[in-house]
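Examining the three-dimensional arrangement
Residue-level listing of the chains:
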Amino acid sequence: AFVATACGSDGDEAGGGGADGELSGTVTFWDTSNETEAEVFEAVARDFENMHPGVTVDYVNVGFDDAQNRFKNAAAANEAPDVMRTEVAWVADFASLGYLYPLDGTAAVENQEDFLDEAWTSTQYEGETYAVPQVTDTLALFYNKSLLTEAGVEVPQSLDEIEQSQAAFEDIGTTPLYVRGDDPYWFLPFLYGEGGDMVDAEAHEVTIDDEAGVAAFSRMQELVDSGAAITDTSDGWENMMSAFADGDVAMMINGPWAIADATAALGEDLGVAAVPAGGQAQAAPLGGWDYGVYAGTPDADASFEFVRYMSSAETQARITGELSLLPTRASVYEEPSVAGNEMVQFFKPAVDVAHERPWIPQAQSLFEPLQISIEAMLTGSASPEEAAGDTGDAYRELLEDWQ
Ligand SMILES: C[C@H]1O[C@H](O[C@H]2[C@H](O)[C@@H](O)[C@@H](O[C@H]3[C@H](O)[C@@H](O)[C@@H](O[C@H]4[C@H](O)[C@@H](O)[C@@H](O)O[C@@H]4CO)O[C@@H]3CO)O[C@@H]2CO)[C@H](O)[C@H](O)[C@@H]1N[C@H]1C[C@@H](CO)[C@H](O)[C@@H](O)[C@@H]1O
């Protein structure tokens, strides 16, 4: 593991800070954002470069799916990017390996108290700050207003209501809902809806295979079997977005990162609402992204200033203006352009009540076994009970001595 190089008082030892304080060096930035978001994030990174003639920004867009492993492999070879777009569950993982620069007291963290608590929490590991918040998010129900009107269906508040709406949508030649079967994050509203969770981190207990967990798997399978939902066990993102855009489904569950594309497809017809409730509760997961600085970054001052700029209130307001992504600074929600954004008006209260996940290093490794079980169930090779049980067994392997 790499210990972050001590940064001298005037910054010179860490490199990146010239005698006159002007920055110099190269900042390689790995960005996991999707195609539509990347245009904005790259443009903002270019503006930073134009402000600092001595700094070169090497913007690299890396796919979300294997980004976590790619960063860890690169860091192990001391070839990691200087700044990494780090998913909220990756911070503890990367920090526990010594791959992230401790940022307390550096220029990367500006106006710390302005960050939302739920966003700031994900940047902490063993009492130190290892990242700076970028965006926060949760899942919501995206719906096609004109299809609901045509079918005479109110915005459903529960999975029961979605199942009950099936005949009305069938009459107009469409299906109520797209359920993602290839990304385990999309399972969480079902799990929370039955009053369940993946684990009980306080009690060191695995709970994914308890009664609520089994009920959640059953609920998902039943939605598909009843014809109220269509799903895929691969290429879910593309299939979901095109089914929603083409009107093959009236609704999908998705997050703020899908707003720009969904708006381009449906325009004023796009509506968003809370994810539908299950049998016991209604809740959506808390997700989001931070900026991490590689512990071995050679031009630390340039990397710190890049992160400060990218996470600044001004940049956050610009990104919300162009993509409707959710700021992580409280002050930005006061900006008139942000306060007047209809999508932010919906998503901010939804994020405030979103279900947090345990910020433990193993948290990110709980999704892959879940993905394997969901796929086994949806392809018919496991019952909901078996899918829940197999996931629980895999968790107990990962979390030694947890019950
Ligand atoms: C399986 C994976 O499980 C977890 O991921 C969770 C994640 O922790 C959750 O928070 C959640 O993430 C939300 C996210 O919060 C939300 O913002 C949004 O992100 C948007 C962006 O907004 C948008 O800009 C754009 O980027 O597109 C993004 C993607 O849509 O949606 C995300 C969910 O998609 O859900 C994830 C689970 O999917 C692990 O962390 C790993 O990622 C693991 N993958 C590898 C782990 C490797 C072992 O180290 C293994 O070898 C490999 O084979 C595996 O593939």
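Points about the site of the ligand
Around the ligand, the structure places 25 residues, and the nearest of them are Glu37, Glu87, Trp90, Asp137 and Asp183. For the ligand, an oxygen atom lies 2.3 Å from a polar atom in the side chain of Glu87. Between Arg357 and the ligand, the recorded distance is 2.8 Å, taken from a side-chain N or O atom to an oxygen atom. Relative to its free-state accessible area of 920 Å², the ligand is covered by the protein chains to the extent of 85%. Structurally, the ligand is housed in the largest pocket. Sorting the residues of the shell around the ligand by element identifies α2 (64-76), β3 (83-87), β14 (286-293) and α16 (367-378) as the ones contributing at least two each.

Let's talk about the pattern of salt bridges
All chains considered together, the criterion is met by 16 salt bridges. A salt bridge links Arg318 to Glu322; its shortest N-O distance comes to 3.4 Å. With Arg318 and Glu322 both in helix α13 (residues 313-323) and 4 residues apart, the pair spans about one turn of that helix. Overall, the relative accessible area of 27% leaves Arg318 in the partly exposed class. With relative accessibility at 47%, the residue Glu322 sits in the partly exposed group. Because the salt bridges share partners, they merge into one network encompassing Asp160, Glu194, Arg219 and Glu222.

Considerations on the layout of surface pockets
One number sums up the size of the largest pocket: a volume of about 1400 Å³. Among the secondary structure elements, those contributing two or more residues to the lining of the largest pocket are α1 (35-51), α2, β3, β6 (132-138), α10 (236-245), β14 and α16. It is α2 that provides the largest number of residues to the lining of the largest pocket, a total of 6 residues. Class assignment for the residues of the lining of the largest pocket results in 15 nonpolar, 15 polar and 16 charged. The calculated volume of the second largest pocket comes to roughly 190 Å³. Sorting the residues of the lining of the second largest pocket by element identifies α11 (259-266) and α15 (342-352) as the ones contributing at least two each. No other element matches the 3 residues that α11 contributes to the lining of the second largest pocket.

Calculation rules
- Residues numbered from 1 in each chain as written.
- Predicted model: local features only at pLDDT ≥ 70, side-chain atom pairs only at ≥ 80, totals over all residues.
- Heavy atoms only, no water.
- Near = heavy atom within 4 Å.
- Polar contact = N/O pair within 3.5 Å; in protein donor to acceptor, adjacent residues only side chain to side chain.
- Areas by Shrake-Rupley, 256 points an atom, 1.4 Å probe, with all protein chains shown as cover.
- 1 Å grid on protein atoms, 1.4 Å probe; cavity = no way out; pocket = protein on both sides within 12 Å on 5 of 7 lines; lining within 4 Å.
- Sits in = over half its atoms within 2 Å of the grid points.
- Helix = DSSP H or I, 4+ residues; strand = E, 2+ residues; numbered from the N terminus.
- Salt bridge = Lys/Arg side-chain N within 4 Å of Asp/Glu carboxyl O.
- Buried < 20%, exposed > 50% of the residue type's maximum accessible area, 1.4 Å probe, protein only.
- Points joined across faces, edges and corners; volume = space filled by probe spheres on them.
- Nonpolar A, V, L, I, M, F, W, Y, C, P; charged D, E, K, R; others polar.

In short, geometric facts, not functional conclusions.
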